[in-house]
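Coordinate inspection notes
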Amino acid sequence: MFSDNKKPRPMTEFGGQPNRIEKNTKIKGNITSEADFRIDGKLEGNVKTSGKIVIGKDGYINGKVECVNADIEGKFNGELAVKDLLSLKASAIIEGTVSVSKLAVEPGATFNAACTMGKGVVEAASSTSKLQSAKANEPAKVS
């Protein structure tokens with residue numbers, strides 16, 4: 001009768017439910033999450049997740065994104081760091097800088113970005129940005 005309580009929980013429960021920013025929604029700010037994200041609205045800010053980012057056809061991100069995988073149908077402008085696979089659909093428009101391990105681009109996608117590819121590239125980019133942000137938080141030195 002109560003045997004369901006003894007079953008192990010699926011891994012998706014630990015990361016939480018996927019998050020959605022719906023069409024006609026505008027957000028300014030930074031987001032950090034363990035779960036996947038789908039953006040069909042507009043986001044101005046940074047997103048960091050250990051999951052997947054999906055930018056829908058009407059979605060737009062202006063900022064920095066760090067994730068494991070990404071599927072983009074909409075628009076992105078900024079710095080994109082994908083640890084595994086970045087998949088660009090035909091309607092995607094990408095501008096800025098991209099660090100990725102694997103890249104798949106459908107015909108018709110617009111890719112106007114400085115791109116660095118290969119294993120370990122994304123980790124190196126992340127550690128460099130951590131060093132830069134640490135230096136940015138240091139007090140000014142007077143000589």
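Note that the structure is a prediction, hence the values are computed from the model and not measured.

Reading the values: the criteria
- Residues numbered from 1 in each chain as written.
- Predicted model: local features only at pLDDT ≥ 70, side-chain atom pairs only at ≥ 80, totals over all residues.
- Heavy atoms only, no water.
- Helix = DSSP H or I, 4+ residues; strand = E, 2+ residues; numbered from the N terminus.
- Buried < 20%, exposed > 50% of the residue type's maximum accessible area, 1.4 Å probe, protein only.
- Contact = heavy atoms within 4.5 Å.
- Areas by Shrake-Rupley, 256 points an atom, 1.4 Å probe, with all protein chains shown as cover.
- Pairing = 2+ DSSP bridges.
- Salt bridge = Lys/Arg side-chain N within 4 Å of Asp/Glu carboxyl O.
- pLDDT = per-residue confidence, 0-100.
- Core = buried A, V, L, I, M, F, W, Y, C linked by side-chain atoms within 4.5 Å.

A word on the overall build of the chain
Summing up its helical and strand segments, the chain has 2 helices and 12 strands in all. Within the chain, the proportion of its 143 residues that are buried is 33%. When contacts within the chain are restricted to residue pairs at least 6 apart in sequence, long-range pairs at least 24 apart make up 4% of them. Surface accessibility of the chain: about 9,200 Å² in total, with carbon and sulfur atoms responsible for 52%.

Describing the pairing of strand 9 (residues 69-72)
In strand 9, alternate side chains face the same way, and those of Ala-70 and Ile-72 are buried while those of Asn-69 and Asp-71 on the opposite face are not. Where strand 7 (residues 52-55) lies against strand 9, 4 bridges are found, and the strand directions are parallel. Note that in strand 9 the partner of Lys-52 across the bridge is Asn-69. The pairing of strand 9 with strand 10 (residues 75-88) spans 3 bridges and is classified as parallel. From the neighbouring strand, Asp-71 faces strand 10, where its bridge partner is Ser-87.

Thoughts on the pattern of salt bridges
Note on pairing: side chains with opposite charge can pair once their charged atoms come close. Per the stated rule, a full pass over the model turns up 8 salt bridges. With a closest N to O distance of 3.3 Å, Asp-58 and Lys-23 form a salt bridge. With Asp-58 in the loop between strand 7 and strand 8 (60-67) and Lys-23 in the loop between strand 1 (19-21) and strand 2 (26-28), this residue pair connects regions lying 35 residues apart in the sequence. You can call Asp-58 partly exposed: its relative accessible area is 47%. With a closest N to O distance of 3.9 Å, Lys-64 and Glu-79 form a salt bridge. On the criterion of sequence distance, the pair formed by Lys-64 in strand 8 and Glu-79 in strand 10 is long-range, its members being 15 residues apart. A residue is classified by how much of its surface remains accessible, and Lys-64, at 19% relative accessible area, is buried.

Concerning the confidence of the model for the chain
Across the chain, the average pLDDT comes to 82, with 72% of residues at 70 or higher. Note on residues 7-14: pLDDT is under 50 here. Beyond four places in sequence and across chains, it has 1 contact. pLDDT under 50 marks residues 131-143. Its contacts with residues more than four places away, or in other chains, come to 0 contacts.

Here's the deal with unusual backbone geometry
With a phi angle near 70°, Asn-24 is a residue other than glycine that sits in the positive phi range. Assignment of secondary structure puts Asn-24 in the loop between strand 1 and strand 2. With relative accessibility at 75%, the residue Asn-24 sits in the exposed group.

Section: the nonpolar core
A general trend in soluble globular proteins is that nonpolar side chains are found buried together. With 23 residues, the main nonpolar core has Ile-53, Val-65, Ile-72, Leu-80 and Leu-86 as its most contacted residues. Within the residue set of this core, elements represented by two or more residues are strand 4 (37-39), strand 7, strand 8, strand 9, strand 10 and strand 11 (93-105). Of all the elements, strand 10 adds the most residues to this core, at 5 residues. In this structure, Ile-72 is in contact with Ile-55, Leu-80, Leu-86, Ser-87, Leu-88, Lys-89, Ala-92 and Ile-94, ignoring residues within four places of it in sequence.

Quick notes on the pairing of strand 7
Of the pairings in the sheet, the one linking strand 4 to strand 7 comprises 3 bridges and is parallel in character. For Ile-39, the partnering residue across the bridge sits in strand 7 and is Ile-55.

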